[in-house]
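# Structural features, examined
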Amino acid sequence: MQTYDYIVVGAGSAGAAVANRLSADPRNKVLLLEAGRASHPWSFIPIGMAWLITNPAANWLYSSEPEASTNGRRLPVPRGKLLGGSSSINGMVFVRGQAQDFDTWAQFGNRGWSYTEVLPFFKRMESYAGEGDDTFRGREGPLRVTNPKPRGSLFATIIKAAAQVGIRHNPDYNGASQEGIAMSQATIAGGRRMSTARCYLDPVRNRRNLHIEIEALTEKLVLDGKRCTGVRYSVAGEVREALAGRAVVVSAGAFNSPQLLELSGIGQPERLRNLGIEVRHELPGVGENLRDHYVPRTRWLVGKKGITFNDRGRGLGLARQVLHYALFRQGMLAMTGAPIRAFVCSREGLEAPDLMLGWIPMLTEPSPRGPRISPQSGLTLYAHAMRPESKGHVHITAADARRPPAINFNFLSSPPDAELTVRAVRIARSIMTAPAMTPFQMSELAPGADRTTDDEILDWVKKAAETTYHPVGTCKMGSDPMAVVDAQLRVHGIAGLRVADASIMPTLTSGNTNAPSIMIGEKAADMVLSTAT
Ligand SMILES: Cc1cc2nc3c(=O)[nH]c(=O)nc-3n(C[C@H](O)[C@H](O)[C@H](O)COP(=O)(O)OP(=O)(O)OC[C@H]3O[C@@H](n4cnc5c(N)ncnc54)[C@H](O)[C@@H]3O)c2cc1C
């Protein structure tokens, strides 16, 4: 049995940052356990996301339970299973969220989490290469973030169309204000994906006090009364134990962090007993408060040739893109999943945007092996509420770390979410039918121009919407009875144990969740080093 000062479970967006910062002091002996492999060939090239999203070699490939809001469908729920976690398979869009998101967390009683207090961590984590105000942006951190310039008529036309419906261009939505339309900032540099594996782990692999163990599935936390003393994990069928002298930090993500707590007897007593798990500590909030973005994708045919990636991504066009990438590390192969986005207010008088829209410059269609590029030429525009109120839950279904948990999103259960989703679809329509788009000869495929009433749009949402893979909240930070960790990310009632990843977010941030997850990892490391466990 090995003894470490700190054990970090999960080398994802947050966990990689935690392990990097904790091991910066050579006196700290750190073990980082990751269930997945070291990397996947597609995880280096941005376009590789298209293959990683359905790839069992790098992905947990969960799916949700059928529910009324999905018209009985199971939604695909990909999660990264390799070093870098979901940052190694995600869409590489970089969005921090709004100042109000973090101020709300602080107002819930989470001292230290206001925007002013998290901003230094957002700055410390990034090396931002775009224009922007250094009051808000960092230039020397490990994570490389770029701001692509719009090229060609497609993106310029969309920006013009947005202006025609009153949405201004915002050069830095991660700066003073989020509102407006912009090219998506990207965790891409030199045509390569900037995962946390690449930016936080690769540079420190030779630290003698950091031991990274891959293909190591943590099955259980080891508890001595109300203190966590280590972990039990398996590598190639062999069960091992490691001891943590100071703390175990669970960073296994919004589904697997609550799973690990439940497997260890921490959670809702009746649920655990029913699965034959000995209850070690009652904590009713474990696995509750699951929040995610429920996202309808409007689809548009484009009559004008040569505009969309459907045209440019086939035959000779594709060959040209491959060559362009090989020579310059740019073009279609080096872009985020949705290279242009807008943050929009659903109605006048709001202090800050409540909707996000993201353009995918092509049409895709479902296939048994995941979405694939459509033979038709077109655009996809997704549009959704950024801070949905609906809450679901995730729980284990067996006392076995290999069995996927049951994921119930409970989307649209809060009436304002449904209303905002319909509003988002209407705003998407208004941009796509603005005069600037006329030369593209657009026609609406989905929801379809004949769906005009709120009920008709909502009916389509239930049949067609998906998530954009932003689950959070299942080990909520706070001090109310449903909170799982306190503001120092210590698990309530268990010494020596913290959770640090997207699961601790009390509410969803306004936008994509990779940046705030990394910030949580950065801040967690500071708290682990500076406060008692
Ligand atoms: C397909 C996809 C696209 C996305 N696109 C974007 C985007 O463009 N922009 C954006 O900001 N966000 C995006 N996201 C969301 C974002 O990537 C996540 O919110 C973020 O990575 C979550 O970080 P985390 O640290 O909480 O979890 P993760 O990064 O998922 O890390 C958890 C890690 O723990 C490991 N693990 C789990 N259980 C165990 C165990 N028992 N033992 C050992 N290891 C374990 C996992 O394998 C994984 O490596 C996307 C996510 C996905 C899946």
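Refer to the preceding data block for the structure.
Now for a quick tour of the structure. Being a predicted model, the structure only gives us computed values, none of them experimental.

## Comments concerning unusual backbone geometry
Of the consecutive residues Ala446 and Pro447, the connecting peptide bond is found in the cis state with omega at 5°. Mapped onto the elements of the fold, Pro447 is located in the loop between strand S25 (442-446) and helix H12 (454-464). The phi dihedral of Ala236 falls on the positive side, at around 50°, and the residue is not glycine. Note that Ala236 resides in the loop between strand S12 (227-235) and strand S13 (238-250). Judged by its relative accessible area of 80%, Ala236 falls in the exposed class. Positive phi, close to 50°, is recorded for Gln441, a residue that is not glycine. Inspection of the secondary structure puts Gln441 in the loop between helix H11 (415-432) and S25.

## A word on the sheet that holds strand S17 (residues 297-302)
Sheet architecture is open: 6 strands sit in the order S7-S18-S19-S22-S17-S25, paired in antiparallel fashion. Of all strands in the sheet, those bounded by a partner on one side alone are strand S7 (180-183) and S25. Direction aside, neighbouring strands of the sheet carry axes that sit 20° apart on average. The strands that helix H5 (residues 152-164) touches are S7, strand S18 (340-344), strand S19 (355-360) and strand S22 (378-385); relative to S7, the one it contacts most, it runs at about 175°.

## Looking at the site of the ligand
Lining the immediate surroundings of the ligand are 39 residues, of which Ser13, Glu34, Ser86, Thr513 and Asn514 lie closest. A distance of 3.4 Å is found between an oxygen atom of the ligand and a backbone nitrogen or oxygen belonging to Leu82. Within the backbone of Asn514, an N or O atom sits 2.8 Å from an oxygen atom of the ligand. Expressed as a share of its isolated accessible area of 1,000 Å², the protein-covered part of the ligand is 98%. Among the secondary structure elements, those contributing two or more residues to the shell around the ligand are helix H1 (13-22), strand S11 (216-224), helix H7 (253-263) and helix H13 (514-530). In terms of residue class, the shell around the ligand is built from 17 nonpolar, 18 polar and 4 charged.

## As for the nonpolar core
Burial of nonpolar side chains together is a common tendency in soluble globular proteins. Ile7, Trp113, Leu221, Val248, Leu489 and Leu497 are the most contacted members of the largest nonpolar core, which has 80 residues in total. If one sorts the elements of this core by residue count, H13 sits on top with 8 residues. If sequence neighbours within four positions are ignored, Leu221 has contacts with Cys228, Gly230, Val231, Val248, Val250, Leu260, Leu261, Ser264, Ile266 and Leu497. Ala162, Trp300, Met432 and Ala436 belong to the second-largest nonpolar core, a separate cluster that totals 31 residues.

## Examining the packing of helix H4 (residues 115-125) against H13
For the pair H4 and H13, interaxial distance at closest approach is 9 Å and the crossing angle is 105°. Overall, the two elements H4 and H13 adopt an arrangement that is roughly perpendicular. Across the interface between the two elements, Val118, Phe121, Phe122, Arg124 and Met125 from H4 touch Ala515, Pro516, Ile518, Met519, Glu522, Lys523 and Asp526 from H13. A per-class count over the contact of H4 with H13 returns 8 nonpolar, no polar and 4 charged.

## So, the packing of helix H3 (residues 99-107) against H4
With their axes 8 Å apart at the nearest point, H3 and H4 run at an angle of 120° to one another. Comparing the axis directions of H3 and H4 gives the class oblique. Facing Ala99, Phe102 and Asp103 of H3, the residues of H4 in contact are Tyr115, Val118 and Phe122. Of the residues belonging to the contact of H3 with H4, the class tally is 5 nonpolar, no polar and 1 charged.

## Overview of a nonpolar patch on the surface
Taken together, Leu323, Leu327 and Phe328 make up a surface patch of nonpolar side chains, about 340 Å² in accessible area. Looking at the element boundaries, Leu327 is found in helix H10 (residues 315-328).

## Describing empty space enclosed by the protein
On inspection of all chains with the given rule, the structure shows 1 cavity of 30 Å³ or more. If you add up the space inside the largest cavity, you get close to 70 Å³. Lining the largest cavity we find Asp292, Tyr294, Ala385, Pro388, Ser390, Phe411, Leu412, Asp417 and Thr421. The residue inventory of the lining of the largest cavity, partitioned by class, reads 5 nonpolar, 2 polar and 2 charged.

## Some words on the packing of aromatic side chains
Applying the stated criterion to the full structure yields 10 aromatic pairs. Seen in terms of ring centroids, Phe102 and Trp105 are 5.2 Å apart; in terms of plane orientation they differ by 75°. Their pairing is edge-to-face. Remark: Trp105 and Phe102 occur in helix H3; sequence separation between them is 3 residues, near one turn of the helix. The same class applies to Phe102 as to Trp105, namely buried. Every member of this aromatic cluster is reached through a ring pair, and the members are Phe102, Trp105, Trp113, Tyr115 and Phe122. Of note, Lys29 hangs over the ring of Tyr4, and the distance from its end group to the ring centre comes to 5.0 Å.

## Examining the pattern of salt bridges
Any two side chains of opposite charge can pair, on the condition that their charged atoms come close. Here the structure, examined in full by the defined rule, presents 19 salt bridges. Close ionic contact of Glu238 with Arg240 constitutes a salt bridge, the shortest N to O distance being 2.9 Å. Among the residues examined, Arg240 registers a relative accessible area of 27% and is labelled partly exposed. A salt bridge links Lys463 to Asp459; the shortest N-O distance between them is 2.8 Å. Of this pair, Lys463 and Asp459 both sit in helix H12, 4 residues apart, which is roughly one turn of that helix. Residue classification places Asp459 among the partly exposed positions, given a relative accessible area of 34%. Each of the salt bridges in this network shares a partner with another, and the network as a whole consists of Arg21, Arg124, Glu522 and Asp526.

Rules used in this analysis
- Residues numbered from 1 in each chain as written.
- Predicted model: local features only at pLDDT ≥ 70, side-chain atom pairs only at ≥ 80, totals over all residues.
- Heavy atoms only, no water.
- Helix = DSSP H or I, 4+ residues; strand = E, 2+ residues; numbered from the N terminus.
- Buried < 20%, exposed > 50% of the residue type's maximum accessible area, 1.4 Å probe, protein only.
- Pairing = 2+ DSSP bridges.
- Axes fitted to C-alpha atoms, helices over the stretch in contact; angles between N-to-C directions.
- Contact = heavy atoms within 4.5 Å.
- Near = heavy atom within 4 Å.
- Polar contact = N/O pair within 3.5 Å; in protein donor to acceptor, adjacent residues only side chain to side chain.
- Areas by Shrake-Rupley, 256 points an atom, 1.4 Å probe, with all protein chains shown as cover.
- Nonpolar A, V, L, I, M, F, W, Y, C, P; charged D, E, K, R; others polar.
- Core = buried A, V, L, I, M, F, W, Y, C linked by side-chain atoms within 4.5 Å.
- Parallel < 35°, antiparallel > 145°, perpendicular 65-115°, else oblique.
- Patch = residues over 30% accessible without salt bridge, like charges linked within 9 Å, V, L, I, M, F, W, Y side chains within 5 Å.
- Salt bridge = Lys/Arg side-chain N within 4 Å of Asp/Glu carboxyl O.
- 1 Å grid on protein atoms, 1.4 Å probe; cavity = no way out; pocket = protein on both sides within 12 Å on 5 of 7 lines; lining within 4 Å.
- Points joined across faces, edges and corners; volume = space filled by probe spheres on them.
- Phe/Tyr/Trp six-rings, centres within 6.5 Å; stacked < 30°, edge-to-face > 60°.
- Lys NZ or Arg CZ within 6 Å of the ring centre and 35° of its normal.

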